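# Report on the structure
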Amino acid sequence: MALRLYNTLSKAKDDFAPIDPENVRMYVCGPTVYDFAHIGNARPVIVFDVLFRLLRHLYGAEHVTYVRNITDVDDKINARAARDYPGLDLNAAIRKVTETTERQFHEDVDALGCLRPSVEPRATEYIAEMVEMIDRLVARGVAYVAEDHVLFSVAAMNARPGPRYGALARRSLDEMLAGARVDVAPYKRDAMDFVLWKPSKPGEPSWTSPAGIATPGRPGWHIECSAMSMAKLLAPYGGGLACDDPQKNVFDIHAGGIDLVFPHHENEIAQSCCALGTDRMANIWMHNGFLQVEGEKMSKSLGNFVTIREALGGLGGWPWPGAIVRFNMLKTQYRQPIDWTAKNLQESAEELFGWSRLLRTAVPSRPSEGFVAALEDDLNTPEALAELRRLARLVGEGGDGALAAGDELAASLVLFGFEAFVGQATAGAADYRRGLRDAVEQAWADADRQDRDRAAAAAGIDPATVESLLAARIEARRAKNFAESDRIRDELAAMGIVLKDGKDEATGAPVTTWEVKR
């Protein structure tokens, strides 16, 4: 079947027809590098890595360009740099923060089995392109200068022939204004106008401003992606500001999280279309759904904020847990909300462990037709997983088709981004297999602990207090102070805590687990 992708712009699954099959082009909004990325950030990275792999499979790896940017100029970066390196010049401190955080991001997404993009531009390396684009917008009357800022005029855009502002979000200006956090500034002509350029504060990174502004400044967030996508996906193929052919100023796919539809992607479209003279920026707009943790929005205030690094480290520390995280993410179709739970991780670990045993003699051949067809249906990963399970059953049952099914299972997993897992599984190393089992058991323990902590919270019990008392009781037992040990046990019992004493199988050291009395 032909590749069909859900297009946020048309609100339908559209047949994907690349502008040039020899040069298939995709842009995905990347990280702002100021801290460890969280598992919500991992979702678009994994989802659009699958799309990148599928496009390479369909059109040839040499014919697909995937651009994912690095945002390295931002207020959050400035604040982190000033906090962590107070003795350094701010610009030097910013460089330290962005280089460290970018390296951490790459380490984390590499562990998730994601390919590096074809190109990964840093925003600060494309300031000249941003300035040139802003100057073009001012010259065309859709941007204006006010108090050393340059702002995009939504009203001016809508007065011109071409796309309307709000077409992507499918909302009126009043609806967008009601649901948006917009800067209220006296120099704005209209509340919906947004910043293309702003003056820098003393000590902040700054560059020569566009539009004849004397005060040095820095770009707004939205203009960065417009300029970088132009530089990397249009200019190499004859497009860009110097090109008057609208057909050369459009690329194939623009993607990101659903939270970016408005205002970020809406503003990108406005800037790019008005600067380049097109009626669209990209043919297909794709957005992944939100991620929750244990049924709640992820939030530091709720204590359920999980970074990719924490997710990777919480499953035994083996190289393969990245495959668990990836597998768990792909069990839900990318446009649907996903609930990230310890039990789902445990189930993913169990299933992958079972597959690792089936792959011992597999030699990756070609992915199954059913698997590819599922991905061609708007990245229907649940259906793709159903096909993998069908193949796994055939391998497990034995018979004439078992070897061929194992080879197809391995090849399909490679296309899915599990090549490291397949390689380690087919190597059959005993220590690796023990590591898989340990990871599964750790996943079980993590799930049980989270269930226990939720039960404690519902009963008004602080798990940290229980753990502190348990540690004191273990010390008392080691010192043979059994009276103190019994006192702490009784105190915990009065709180509604049931203890179970035992010994560590490996060391023989005393171990105590607990749960809330039912």
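Since the model is a prediction, treat every value here as computed from it, not as a measurement. (Residues numbered from 1 in each chain as written. Predicted model: local features only at pLDDT ≥ 70, side-chain atom pairs only at ≥ 80, totals over all residues. Heavy atoms only, no water.)

## Some points on the overall build of the protein chain
What the protein chain contains, in helices and strands, is 18 helices and 15 strands. Along the longest, intermediate and shortest principal axes, the C-alpha atoms of the protein chain span 80 × 65 × 40 Å. Evaluated residue by residue, the protein chain yields a buried proportion of 50% over its 518 residues. For the protein chain, the share of sequence-separated contacts (at least 6 apart) that also reach a separation of at least 24 residues comes to 73%. Of the roughly 23,100 Å² that the protein chain leaves accessible, carbon and sulfur atoms contribute 51%. Separation of charge centres in the protein chain, based on 60 positive and 74 negative side chains, amounts to 2 Å. (Helix = DSSP H or I, 4+ residues; strand = E, 2+ residues; numbered from the N terminus. Buried < 20%, exposed > 50% of the residue type's maximum accessible area, 1.4 Å probe, protein only. Contact = heavy atoms within 4.5 Å. Areas by Shrake-Rupley, 256 points an atom, 1.4 Å probe, with all protein chains shown as cover. Lys, Arg positive; Asp, Glu negative; His and termini not counted. Charge placed at Lys NZ, Arg CZ, Asp CG, Glu CD.)

## Considerations on the UniProt feature "binding site: ATP" (unreviewed entry) in the protein chain
The positions UniProt marks with the feature "binding site: ATP" (unreviewed entry) are Lys300. Along the polypeptide, Lys300 turns up in the loop between strand 12 (296-297) and helix 9 (308-313). (UniProt positions renumbered as here; feature names shortened; annotations may be inferred.)

## Quick look at helix 13 (residues 381-397)
If you check helix 13, its first and last C-alpha atoms are 24 Å apart, about what 17 residues at 1.5 Å a residue would give, namely 24 Å. Residues of helix 13 that are buried include every one of Thr381, Ala384, Leu385, Glu387, Leu388, Leu391, Ala392 and Val395, and no others. Seen along its axis, helix 13 keeps its buried residues to an arc of 155°; they face one direction. Considering only its buried residues, helix 13 is in contact with helix 10 (321-330), helix 11 (342-358), helix 12 (369-376) and helix 14 (402-415). You can read the cap of helix 13 off the contacts: a side-chain oxygen lies 3.1 Å from the backbone nitrogen of Glu383, and it is on Asn380. One or two steps after helix 13, the chain reaches Gly398, where phi turns positive at roughly 75°. (Expected span 1.5 Å × (residues − 1). Arc of directions from axis to C-beta. Polar contact = N/O pair within 3.5 Å; in protein donor to acceptor, adjacent residues only side chain to side chain.)

## A look at unusual backbone geometry
Cis rather than trans, the peptide bond between Phe262 and Pro263 has omega equal to 10°. Checked against the element boundaries, Pro263 lands in helix 8 (residues 261-276). Although it is not a glycine, Glu147 sits at a positive phi angle of roughly 50°. As for its position among the elements, Glu147 is in the loop between strand 5 (143-146) and strand 6 (149-152). Positive phi values are uncommon outside glycine, yet Leu379 reaches one of about 50°. Within the element layout of this structure, Leu379 appears in the loop between helix 12 and helix 13.

## Here we look at the environment of Val154
With respect to the helices and strands, the residue Val154 is situated in helix 5 (residues 154-158). Residue classification places Val154 among the buried positions, given a relative accessible area of 1%. A C-alpha to C-alpha distance of 42 Å links Val154 and Ala111, two positions 43 residues apart in sequence. Residues within four places of Val154 in sequence aside, it is in contact with Tyr165, Leu173, Met192 and Asp193.

## Quick word on empty space enclosed by the protein
Scanning the model with the defined rule gives 1 cavity of 30 Å³ or more in all. Its boundaries defined by the atoms lining it, the largest cavity holds a volume of some 30 Å³. Ser226, Ser229, Met230, Leu234, Asn249, Phe251, Ser272, Leu276 and Met281 are the residues that line the largest cavity. A per-class count over the lining of the largest cavity returns 5 nonpolar, 4 polar and no charged. (1 Å grid on protein atoms, 1.4 Å probe; cavity = no way out; pocket = protein on both sides within 12 Å on 5 of 7 lines; lining within 4 Å. Points joined across faces, edges and corners; volume = space filled by probe spheres on them. Nonpolar A, V, L, I, M, F, W, Y, C, P; charged D, E, K, R; others polar.)

## As for the packing of helix 7 (residues 221-234) against helix 8
Any two packed helices are characterised by the angle at which their axes cross and by the distance between the axes. Between helix 7 and helix 8, the least distance of the axes is 8 Å, while the angle of their chain directions is 55°. Classified by the angle their axes make, helix 7 and helix 8 are oblique. In terms of crossing hand, the pair formed by helix 7 and helix 8 is right-handed. Every residue of helix 8 that contacts helix 7 at Trp221, His222, Ile223, Cys225, Ser226, Met230 and Leu234 is listed here: Pro263, His264, Asn267, Glu268, Gln271, Ser272 and Leu276. Its residues assigned to classes, the contact of helix 7 with helix 8 shows 7 nonpolar, 6 polar and 1 charged. (Axes fitted to C-alpha atoms, helices over the stretch in contact; angles between N-to-C directions. Parallel < 35°, antiparallel > 145°, perpendicular 65-115°, else oblique. Left-handed = near helix turned anticlockwise from the far one by under 90°.)

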